[in-house]
There are 2 protein chains.
Amino acid sequence: MAQRLIVIGGDAAGMAAASQARRRRGRDDLEILAFERGHFTSYSACGIPYWISGTVEERDDLIVRSPATFREEHQIDVRTRTEVTGIDLDRREVVARDLDRGGEVRERFDTLVYATGAVPTKPDWARDEVGGVFGVQTLDDGAAVREWLDAEPKPRRAVVVGGGYIGVEMAEALVQRGLSVTLVEQGEQPMSTVDPDMAALVATAMRGLGIEIRTGVRVTGLEERDGRVVAVVTDAGSLPTDVVVLGLGVRPNTALAAAAGLPVGTTGGVRVDRRMRVPGMPDVWAAGDCVETLHRVSGMAVHVPLGTHANKQGRVVGINIGGGYATFPGVIGTAVTKVCDLEVGRTGLREREAASAGFEFVTVRSESTSRAGYYPGARPMTVKLIAERPTGRLLGAQIVGRSEAAKRIDALAVALWNGMTVDDMTALDLGYAPPYAPVWDPVLIAARKAVDALAK
Amino acid sequence: MAQRLIVIGGDAAGMAAASQARRRRGRDDLEILAFERGHFTSYSACGIPYWISGTVEERDDLIVRSPATFREEHQIDVRTRTEVTGIDLDRREVVARDLDRGGEVRERFDTLVYATGAVPTKPDWARDEVGGVFGVQTLDDGAAVREWLDAEPKPRRAVVVGGGYIGVEMAEALVQRGLSVTLVEQGEQPMSTVDPDMAALVATAMRGLGIEIRTGVRVTGLEERDGRVVAVVTDAGSLPTDVVVLGLGVRPNTALAAAAGLPVGTTGGVRVDRRMRVPGMPDVWAAGDCVETLHRVSGMAVHVPLGTHANKQGRVVGINIGGGYATFPGVIGTAVTKVCDLEVGRTGLREREAASAGFEFVTVRSESTSRAGYYPGARPMTVKLIAERPTGRLLGAQIVGRSEAAKRIDALAVALWNGMTVDDMTALDLGYAPPYAPVWDPVLIAARKAVDALAK
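Residues numbered from 1 in each chain as written. Chains lettered and ligands numbered in written order. Predicted model: local features only at pLDDT ≥ 70, side-chain atom pairs only at ≥ 80, totals over all residues. Heavy atoms only, no water.

1. Some words on the overall build of chain A
When you go through chain A residue by residue, the secondary structure sums to 12 helices and 25 strands. Seen along its three principal axes, the alpha-carbon backbone of chain A occupies a region of about 65 × 60 × 40 Å. For chain A, buried positions account for 59% of its 456 residues. Excluding contacts between residues fewer than 6 apart, the proportion of contacts in chain A whose partners are at least 24 apart in sequence is 63%. Of the accessible surface of chain A, which amounts to about 17500 Å², a share of 46% is contributed by carbon and sulfur atoms. Looking at chain A, you have 54 positive and 59 negative side-chain charges, and the mean spots of the two groups are 2 Å apart. (Helix = DSSP H or I, 4+ residues; strand = E, 2+ residues; numbered from the N terminus. Buried < 20%, exposed > 50% of the residue type's maximum accessible area, 1.4 Å probe, protein only. Contact = heavy atoms within 4.5 Å. Areas by Shrake-Rupley, 256 points an atom, 1.4 Å probe, with all protein chains shown as cover. Lys, Arg positive; Asp, Glu negative; His and termini not counted. Charge placed at Lys NZ, Arg CZ, Asp CG, Glu CD.)

2. Quick notes on the sheet that holds strand S21 (residues 335–339) of chain A
Residues and elements named next belong to chain A. Sheet architecture is open: five strands sit in the order S21-S22-S25-S24-S23, paired in antiparallel fashion. Each of the sheet's edge strands pairs with one partner strand only, and the pair in question is S21 and strand S23 (361–369). Sheet twist, expressed as the mean angle between neighbouring strand axes with direction ignored, is 10°. One ladder, built from seven bridges, connects strand S24 (residues 380–388) with strand S25 (residues 394–401); its direction is antiparallel. (Pairing = 2+ DSSP bridges. Axes fitted to C-alpha atoms, helices over the stretch in contact; angles between N-to-C directions.)

3. Quick word on the UniProt feature "domain: FAD/NAD(P)-binding" (unreviewed entry) in chain A
Taking the numbering used here, the UniProt-annotated feature "domain: FAD/NAD(P)-binding" (unreviewed entry) corresponds to residues 4–296 of chain A. End C-alpha atoms of residues 4–296 of chain A are separated by 34 Å, and the span's content is 24% helix alongside 29% strand. (UniProt positions renumbered as here; feature names shortened; annotations may be inferred.)

4. Notes on empty space enclosed by the protein
The gaps of empty space that remain are located by a probe, the size of a water molecule, rolled over the atoms. Residues and elements named next belong to chain A. Per the counting criterion, the structure on display carries three cavities of 30 Å³ or more. Computed from the structure, the largest cavity encloses a volume of approximately 60 Å³. Contributing to the lining of the largest cavity are Gly 288, Asp 289, Val 291, Glu 292, Thr 293, Val 304, Leu 306, His 309, Ala 310 and Gln 313. Tallied by class, the residues present in the lining of the largest cavity amount to four nonpolar, four polar and two charged. (1 Å grid on protein atoms, 1.4 Å probe; cavity = no way out; pocket = protein on both sides within 12 Å on 5 of 7 lines; lining within 4 Å. Points joined across faces, edges and corners; volume = space filled by probe spheres on them. Nonpolar A, V, L, I, M, F, W, Y, C, P; charged D, E, K, R; others polar.)

5. Some words on unusual backbone geometry
The residue after A:Glu152, namely A:Pro153, is reached through a cis peptide bond having omega -5°. With respect to the secondary-structure elements, A:Pro153 resides in the loop between helix H4 (139–150) and strand S10 (157–161). Positive phi outside glycine occurs at A:Met191, with the angle close to 60°. On the secondary structure map, A:Met191 appears in the loop between strand S11 (180–185) and helix H6 (196–208). Residue A:Met191 is classed as buried on the basis of its relative accessible area, which comes to 0%. Its identity is not glycine, yet B:Glu404 carries a phi of approximately 55°, on the positive side. Relative to the elements of secondary structure, B:Glu404 occurs in the loop between strand S25 (394–401) and helix H10 (409–417). Take B:Glu404: its relative accessible area is 32%, and that puts it in the partly exposed class.

6. Quick word on the packing of aromatic side chains
A full pass over the atoms with the stated rule returns six aromatic pairs over all chains. When the centroid spacing of 6.2 Å and the interplanar angle of 80° are considered together, the rings of A:Phe40 and A:Tyr43 count as edge-to-face. Summarising the burial analysis for this pair, A:Phe40 and A:Tyr43 share the class buried. Judged by centre distance (5.1 Å) and plane angle (85°), the ring pair of A:Tyr50 and B:Tyr375 falls under edge-to-face. With A:Tyr50 in helix H2 (residues 48–53) and B:Tyr375 in the loop between strand S23 (361–369) and strand S24 (380–388), this pair bridges two chains. (Phe/Tyr/Trp six-rings, centres within 6.5 Å; stacked < 30°, edge-to-face > 60°.)

7. Comments concerning the relation of the copies chain A and chain B
One copy of the chain maps onto the other through a rotation about an axis plus a displacement along that axis. For the pair chain A and chain B, the best superposition has an RMSD of 0.0 Å and corresponds to a rotation of 180° with a translation of 0.0 Å parallel to the axis. Taken together, the turn and the small shift mark the pair as related by a two-fold rotation axis. Of every C-alpha in chain A, the one belonging to A:Ala411 sits nearest the axis of rotation, 2.2 Å from it. Mapped onto chain B, 100% of the interface residues of chain A are again interface residues, and the two copies thus contact each other with one and the same surface. (Least-squares fit on C-alpha atoms with pLDDT ≥ 70 in both.)

8. Focus: the interface of chain A and chain B
Contacts between chain A and chain B engage 58 residues on the former and 58 residues on the latter. For the pairing of chain A and chain B, the buried interface totals around 5300 Å² over both sides, and the portion due to carbon and sulfur atoms is 62%. Looking at the side of chain A facing chain B, the largest losses of area belong to A:Tyr374, A:Asp429 and A:Tyr436, adding up to 16% of the total buried there. Remark: the boundary between chain A and chain B carries four salt bridges. Between A:Asp441 and B:Lys407 there is a salt bridge, and its shortest N-O distance comes to 2.6 Å. Summed over the shared surface of chain A and chain B, the number is 20 residue pairs in polar contact (both at pLDDT 80 or more). At the level of elements, helix H1 (12–24), helix H8 (307–321), S21, strand S22 (342–348), helix H10 (409–417) and helix H12 (442–455) of chain A are the ones that each hand at least two residues to the side of chain A that touches chain B. Across the side of chain A that touches chain B, the residue classes break down as 31 nonpolar, 14 polar and 13 charged. (Buried area = accessible area lost by both parts, 1.4 Å probe. Salt bridge = Lys/Arg side-chain N within 4 Å of Asp/Glu carboxyl O. Polar contact = N/O pair within 3.5 Å; in protein donor to acceptor, adjacent residues only side chain to side chain.)

9. A short note on the side chain of B:Ser368
All names here are of chain B. Mapped onto the secondary structure, Ser 368 falls in strand S23. Its relative accessible area of 11% is what places Ser 368 among the buried residues. With near-sequence residues (within four places) excluded, Ser 368 lies in contact with Arg 379, Pro 380, Met 381, Pro 442 and Ile 445.

Below, the structure is given as structure tokens:
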């Protein structure tokens, strides 16, 4: 008789695990059942701001594979709008509720994949009954924002709360939709995913686009009229608005896991071993935004919700369930984002993170250009490196530039991944031709500067 | 009394060495004299095709630092239009001739840097007395081509001989200048710097631009009228033309070195140790297009004339002469180029090179896109990987794509530099956001495919 795999959560991690397991084990060997609370499977949540802005035209463009595709081409029994409400590890059963028709089923499993994703942080003041207040985590969220923006009376002003990736991307999207946008950030600066000196470059560009940035401001409530939001109340006064977007980050969705006794780490994510197996539970695996993972530079557990990790982790789970061998060796915190006409990239540790991990280090910042200075289209670029003292080992890197900047972080990420020193990096054989780089690539210029700083 | 450094050759390698030495040792400690045969110092030879095409407007845009700058800001006594004609290692003297005014000087040195660059391959049939036949190695060459193209009668047809980087770039440049261009390549295909399957993509794009490509054809002579070229004679007939550009590669310029007894390797380049010192000659250093260097993947000596290596090597020489410690650990054959609207990148070994180095390997080719498929501007990209069997170690990579393709080779180059396996590479934490990459970056997709191929 076939064994039975149950996947809880039908997005990137869960469906990557299911597909990989299916590639290795046919349906006579492994029955696969996947439960998804929402309407969709495997879509690009990272694309939602671009759909809201109109850069991406159709919702379905964001859907990688539909439930029907999984059923027909991969023989995976996907049940959407079905929420798993309990896991019984002793009886090897999950309890699931049909969200549309009601009713509960119990389903037996031999192997379980926990891939429930993350839940957005929602402050108390963001009450459901006030219209015009949105998160942007799911396709349904995206559809709701679009509908609100298109409906009469047309919103003219927007407040984005939180200056992380989503907040910044949404601020840009709303400007593109013609709204007058204010970004409220409780901390010192938006874009705190890079160091303050680099984030300042981003803030300047955002202001140049007409986005008003209010930092050090805490939202305390909402004002409403006829069930619609009309203002955001802060500890520094009231901000009139027609729509509020929340970009306050997410936390691992582990309610079910904790109730079932799966171990949850200090980051709030489910703990997993190198093969993405839940420690001590040979038939239970977890992947994606609900787990914590090793940061390879700090050596600490971190929670980094990002589609690329979710896909990789899901693949690892699927290979292992399929009888192969694969590990997920952790992350180094690489991220890229487009903010207005700026490109921003980072990898490794920021200064603050490096300090709190106990490192001593030097930092350098160098200015260069994306192409040979004389080649048309050459644009300025700032590269910042953080290197351990005295070893010279790269600990982190950040790039802000106007074009051809963000993905340059990849070369630095691979160098960091391999534990290179900045001295070693000065010799790296990177691609050179005038349309693509100066004869000393910006990455190499920064490495040279770091070598000089270490010698002082 | 100050010691005396003489640099032979005032381009990238020589002047990088001189500048770095100066940074570390003041003029009271080290007198620096640099001889350059041409009019210019430190210019971008790689930029010449773009100057000829008109993409770069002014010749002086290509000049990084002028002789005057070196003299005034770096206290380096640069003597242009002065050719070194002999090196006397026993007496520690060089003999130099003033090319404009005539006359010879002998100059004493304590330390010598040999940085004479490369000389273009010039076949017997390319006689100097026939007008309209050009190399494109120096700024003077570039100026001569521009003058010829601008003069009456305006050339309408061009033949480019040789399909390497320079040949391909010049073919494109001449098309941009409105000429009807034929590229003649003796081998199977132009762009043999990548494997034939990848080069075929480039050839198709070139034909799309109207460039006629004749492969397997050998040039045997020229036809002239009134001292001007009117046709190129080949073993497959005659090709009428108004201008001929030679792109037949270069060889190390080692005549002086060999005469003085410096060791020359099997590649024809001057041999150097890891610090770029000539073995057995403690006060003689060499750098740039005149030396041979270690290929870190094949373990063999290679001659790779490229500005980025020349600059790095010159820097290493200068640091060492300055009393510091630096090494040049070799190259891995990374190169990028723009060919019409294609971007081409390579690193490591091609299939043929891998085979002749004795490796067993698998190759994979994968198709993907530069950005998330749904994000506007996503363009197709082909990534090829060559991985050692059975270890999985990356041996080489090639990329051909329409945009945001070429510099993706850098992440692969850093992975190769560090000896990563394709299996390790599937976990690499590369930058992901919809405007910059699909959730699986093309590099990661290729690595996954290589893992599958190794398992077969």
